[in-house]
Structure formats: C-alpha cells, structure tokens
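Each chain, written out:
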Amino acid sequence: MSITSSPMSLALDDRFARDLPELAVASQATPVDDPQLLILNEPLAAELGLDVDWLRTPAGAQFLAGNLVPDGTRPVAQAYAGHQFGGFNPRLGDGRALLLGSINGRDLHLKGSGPTTFSRGGDGFAAVGPMLREYVVSEAMHALGIPTTRSLAVVATGRPLRRETGLLPGAVLARVATNHLRVGSFQYAAATGNRDLLTRLIAHAGAASAMDLLTTVIDRQASLIAQWMCVGFIHGVMNTDNMTISGETIDYGPCAFMDAYDPATVFSSIDTQGRYAYGNQPVIGEWNLARLAEALLPAIHDDEDQAVAAATEVLHGYRPAYVEAWGEGMRAKLGLAAPDVPLANDLLALLHAERVDYTGFFRALSRGRARDLLVDRDAFDAWHVRWVAAGPDVASMDAVNPVYIPRNHLVEEALASGDVAPLLDAVTHPFEERESLERFAEPGTDEGYRTFCGT
Ligand code: AMP
Ligand code: MG
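Residues numbered from 1 in each chain as written. Chains lettered and ligands numbered in written order. Predicted model: local features only at pLDDT ≥ 70, side-chain atom pairs only at ≥ 80, totals over all residues. Heavy atoms only, no water.

It is worth spelling out the overall build of the protein at this point. Secondary structure summary: the protein contains 16 helices and 12 strands in total. The globule rule puts the C-alpha radius of gyration for 455 residues at 23 Å, and the 22 Å found for the protein is close to it. By principal-axis analysis of the C-alpha atoms, the protein measures approximately 70 × 60 × 40 Å. Looking at the protein as a whole, 56% of its 455 residues qualify as buried. For the protein, restricting intrachain contacts to residue pairs at least 6 apart in sequence, the fraction spanning at least 24 positions comes to 71%. For the protein, the exposed area adds up to about 18200 Å²; of that, 52% sits on carbon and sulfur atoms. Each charge class in the protein can be summarised by its mean position, and for the 35 positive and 56 negative side chains these summaries are 3 Å apart. (Helix = DSSP H or I, 4+ residues; strand = E, 2+ residues; numbered from the N terminus. Rg over C-alpha atoms; globule rule 2.2 N^0.38 Å. Buried < 20%, exposed > 50% of the residue type's maximum accessible area, 1.4 Å probe, protein only. Contact = heavy atoms within 4.5 Å. Areas by Shrake-Rupley, 256 points an atom, 1.4 Å probe, with all protein chains shown as cover. Lys, Arg positive; Asp, Glu negative; His and termini not counted. Charge placed at Lys NZ, Arg CZ, Asp CG, Glu CD.)

Put into structure tokens, the structure is as follows:
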C-alpha cells in the first residue's frame, strides 16, 4: 500500500539500514484488516512533525500498525546479541518489532508487528494489555524527567494471539527513541569479527572513537540507573540487549515501581534468583558496561593488553559516577543544599526496616507528616534531628518527589477497566498534587505482585 492517502509527505530516513546493512534485515509487518487506534500521544506526534488528524484516520492507523509504508521507507528488523540473565546469546534481534526509520532525527519503531527472521520460538505479536502498560509507564518516566523511549500510539490489530492464559487481543505499540542501539548491538558486531562493522557502528552511534563511546555510555547509564533508584523503579530485565547506548530506559516488559521500600524487591516472574532486584540494579549496570567494554576492545587498541587496560580504567569511573548521581538525586529529594550520603542511607535503612511506602514518604516528609508512617518513632526522631540540622529547603522538595507514579495496583486496575486515561493523566503530571486524584497517591500491597517478559 502506498501513502497517497496521506496529506503530508512522510519521509522516514533509512540511515540505520544504509550505514549498517549487516544489522538490518528488510521486514514487513503482518497485515491486519481493521486496526483501531486506542491511544495517541498528540504532543509527541507533533514533535515528530506527524499530522495528528491524519494519524486518527483509518490510513493513519494502518501506518501505525506497519501496514501502510510510505514510499521510500524501508522497515527493518535489527540484529543484536545479548547476555540474558548472564548467559550469552549471539543472535537475538527484533523478534516482534520493526524499525520503520528515523523521523526528525529519532527512530520510529513498531512493537508487536509480527514475526521476523529473529522471532525464534515467539509469534512476533504483542497483546493490548502489555502495550498499554508500556505506554503508561514510559510516559510516566518521561514526565518524571527520566530518559526513556517514548510511546507514540497503541493500535489494536483485531487479531487475537495465544498466551498461557488463553486468547488475548493483539496490539502494536509505536515507540520512539533517540536510536535503538543497545549494548547487545555492539556484542553482535564484535561477535561477527568484522572490525569494519564495529567501527561503522561506533560512528553511527555518534561517537568519535570506541573510548569516547564507552566513556559516554558509562556516564549516561550511571546517571540513568541512579534516577531509577531515586524513584523506586525496577527495570526487571536488565539483559545487555535491553540496555541502550543513548542512556534511555528501554523495554518495559516486567518493570514495576516499588511501593514498600525493600532493596530485595523483584516482580519479574522469571527472575527467580533476584538478579535484577531493585538493589542490584547499580551493580548489574556495571556488569553490562563491562560487556560493552569487551565488545569494543578490538576497536580500542590493536594490542589486547593495552585495550583492556584502557577499558578497565574508564570502567572504574562507573562507581564514582553512579554514587555522585545518586547522591545528587537524594540531595534534591531531601531538599538539601549539599549531598549527604550517610543521611540518605540511614533513612533508607529506616524505611526498609518498616517497609514504608517509598514514594509516599518523601511527600509526607515535606508536609511534616512522615513520623506517622513509622512505628519506631525514636529512630525516626533521631534521623529527623539530623535532617533538620542539615537545613533542608522544604519548599523545593515537591518539585522532585512525585505524588503519582504508576503503582502496580493502579496499572492493573486501569488495564482491567480498559481506560488508562485517568491514570495516564495523573502520572504524566506527577508532581502536581490534585485533590480529585487522592486515590492515585495511595500505596497498594505489592506482596506477591508478578510481572512478565515478552508478553
Ligand atoms: P526482551 O528481553 O523481552 O526484550 O526480549 C528478548 C528477545 O525476545 C528479543 O529478541 C525479542 O524480540 C524477543 N521476543 C520477545 N517476545 C517475542 C514474541 N512474542 N515473539 C517473538 N520474539 C519475541
Ligand atoms: Mg528487549
């Protein structure tokens, strides 16, 4: 189908496929008869220069489902490798997604568009529930100021898919990212042994050299993971194929926000060892970056020992960068003029001991109501004296401590009702307390809550 019904000329750039043909497999979305637009991110569409009115037409829905391909656009599935739960898989790739191309300098990607050469055992499809979940959580992350892929739209395909629980309605999520390069993209290139490909990939990522890339990604990921920790976000599947080079959060499968503060919190049903538990995320970030460094070694120096020495030195920068970013995040949460890591850590020990609602605590603190949340008042009072002595600017705190996050019980309730709009409204204005939304600020009970990958 051509895009002649479009009022605009849509030019999606195939820069990725041109620069890196070895990583791009031409692919097509599975045709769907009558896709229905379930949700559209109008501000994001406008940012990309897309015609909002046209996206709301049947042709627009066909475009968002991957069935109406603008002339000159070359959708591809991207190849990548990755360590999944610590084990290396040399060939993963987009098993249920397509890169349509880049538009206004950003990648437009369709998730759930049907099988590709990388589908392995999977069907290539996605269900409405998980795609709406990704839409809500990723837009909440963006509103919290945390780098993330964005969600442009979800279209229902009208095509049912089979999951363990039975038949589910199918959907395609249109998502936007700076790019879709992952640590696993570099692992794939390195595993081919093609030095020229690795060099082109580094250049495509906008880096001046392999060392430049490694240094930049270490900084971005240290900052990103610190921000996750500060809001209580658990990614859930930090495999190296789910860690971006851009420093954007990607792949909202089993992710979830923690209510009760506990570093051991795990929601993902397949993470039985707790590898990707909340408290492990900083160290897993470092492990993944070491895998990136390994992949880059041939491009760092011809002499392997020298390459390892140089890579190791920059990797040593990760921990201090993380601690600094986290300290800064906690400084702001506590309204302090300067970071105070012991004060922040001692607070977290208190919250952990009583499994206090993490998000709710900081709002209560700025309102002088935090004491009520703890049973051990003496311990709280002792900490509070230190906090007050540090001279907090209480008025600054609400701008960084959200009232509304996509809490698990709220997400489940919204998906069950089929109407995510009220929750989306709350979590995309997370710092703006509204009386009518009181319900959305209440913690739920996360005990036993389970999330799923590749759903
Ligand atoms: P994830 O860790 O969920 O990002 O997925 C790991 C790999 O599995 C990626 O290569 C995905 O493209 C692939 N995958 C996930 N779900 C499906 C599916 N339903 N059909 C085909 N491939 C899938
Ligand atoms: Mg993935």
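Coordination of the magnesium ion (ligand 2) by the protein is provided by Asn242 (OD1) and Asp251 (OD), with metal-donor distances spanning 2.1 Å. When sorted by exposure, Asn242 lands in the same class as Asp251, which is buried. (Donors = N, O, S within 2.8 Å, 3.2 Å for Na, K, Ca; no water.)

Our focus in this paragraph is the site of ligand 1. Among the 18 residues in the neighbourhood of ligand 1, the closest are listed as Gly93, Gly95, Arg120, Gly124 and Asn242. Within the backbone of Gly93, one N or O atom sits 2.6 Å away from an oxygen atom of ligand 1. Separating an oxygen atom of ligand 1 from a backbone N or O atom of Gly95 is a distance of 2.8 Å. Surface burial for ligand 1 is 86%, taken as the share of its 480 Å² of free accessible area covered by protein chains. (Near = heavy atom within 4 Å. Polar contact = N/O pair within 3.5 Å; in protein donor to acceptor, adjacent residues only side chain to side chain.)

Secondary-structure assignment places Ser366 in helix H13 (residues 358–366). Taking relative accessible area as the criterion, Ser366 reaches 13% and is therefore assigned buried. Of note is the side chain of Ser366, whose polar atom sits 3.0 Å from the backbone oxygen of Arg363. A polar contact of 2.9 Å, which involves the side chain of Ser366, links it to the side chain of Asp398. The contacts of Ser366, once residues within four sequence positions are left out, are Val394, Met397 and Asp398.

Before going further, it helps to spend a moment on helix H5 (residues 128–143). If you check H5, its first and last C-alpha atoms are 23 Å apart, about what 16 residues at 1.5 Å a residue would give, namely 22 Å. Burial analysis of H5 places 12 of its 16 residues in the buried class, which makes it a mostly covered element. If you check which residues of H5 are buried, you get Val128, Met131, Leu132, Arg133, Glu134, Tyr135, Val136, Val137, Ser138, Glu139, Ala140 and Met141. Gly145 sits one or two positions beyond H5 and adopts a positive phi of about 85°. (Expected span 1.5 Å × (residues − 1).)

Turning our eyes to something else, we now look at the domain arrangement of the protein. Looking at the protein, the domain boundaries give domain 1 (2–177) and domain 2 (327–397). For domain 1 versus domain 2, the distance between C-alpha centres works out to 41 Å. (Domains from an automatic or database assignment.)

Every buried residue belonging to helix H7 (residues 195–204) is among Leu197, Leu198, Leu201, Ile202 and His204, and all of these are buried. Axial view of H7: buried residues confined to an arc of 160°, hence all on one face. On its buried face, H7 sits against helix H1 (15–19), helix H6 (183–192), helix H8 (210–231) and helix H9 (281–300). At the N-terminal end of H7, a side-chain oxygen is found 3.1 Å from the backbone nitrogen of Asp196, two or three residues along, and the residue is Asn194. Phi turns positive one or two residues past the end of H7, at Gly206, with a value near 85°. (Arc of directions from axis to C-beta.)

Grouped together as the largest cluster of nonpolar side chains are 92 residues, with contacts concentrated most on Phe186, Leu296 and Phe361. Here the element with the most residues in this core is H8; it accounts for 13 residues. In this structure Phe361 touches Leu347, Leu351, Val356, Ala370, Leu373, Leu374 and Phe380, once residues within four positions along its chain are discounted. With 27 residues, the next largest nonpolar core counts Trp54, Leu100, Leu108 and Ala153 among its residues. (Core = buried A, V, L, I, M, F, W, Y, C linked by side-chain atoms within 4.5 Å.)

Taken as a whole and assessed by the stated rule, the structure comprises 30 salt bridges. Taking the shortest distance from any N to any O, the salt bridge between Asp251 and Lys111 comes out at 3.3 Å. One end of the pair, Asp251, is in the loop between strand E11 (233–234) and strand E12 (256–257); the other, Lys111, is in strand E7 (residues 106–111), with 140 residues separating them in the sequence. On the basis of relative accessibility, which here comes to 6%, the residue Lys111 falls in the buried class. Linking Asp398 and Arg363 is a salt bridge whose minimum nitrogen-to-oxygen distance equals 3.6 Å. Here Arg363 lies in helix H13 and Asp398 lies in the loop between helix H14 (377–389) and helix H15 (408–417), a separation of 35 residues in the sequence. The network of salt bridges with shared partners includes Lys111, Glu134, Arg175, Arg182 and Asp251. (Salt bridge = Lys/Arg side-chain N within 4 Å of Asp/Glu carboxyl O.)

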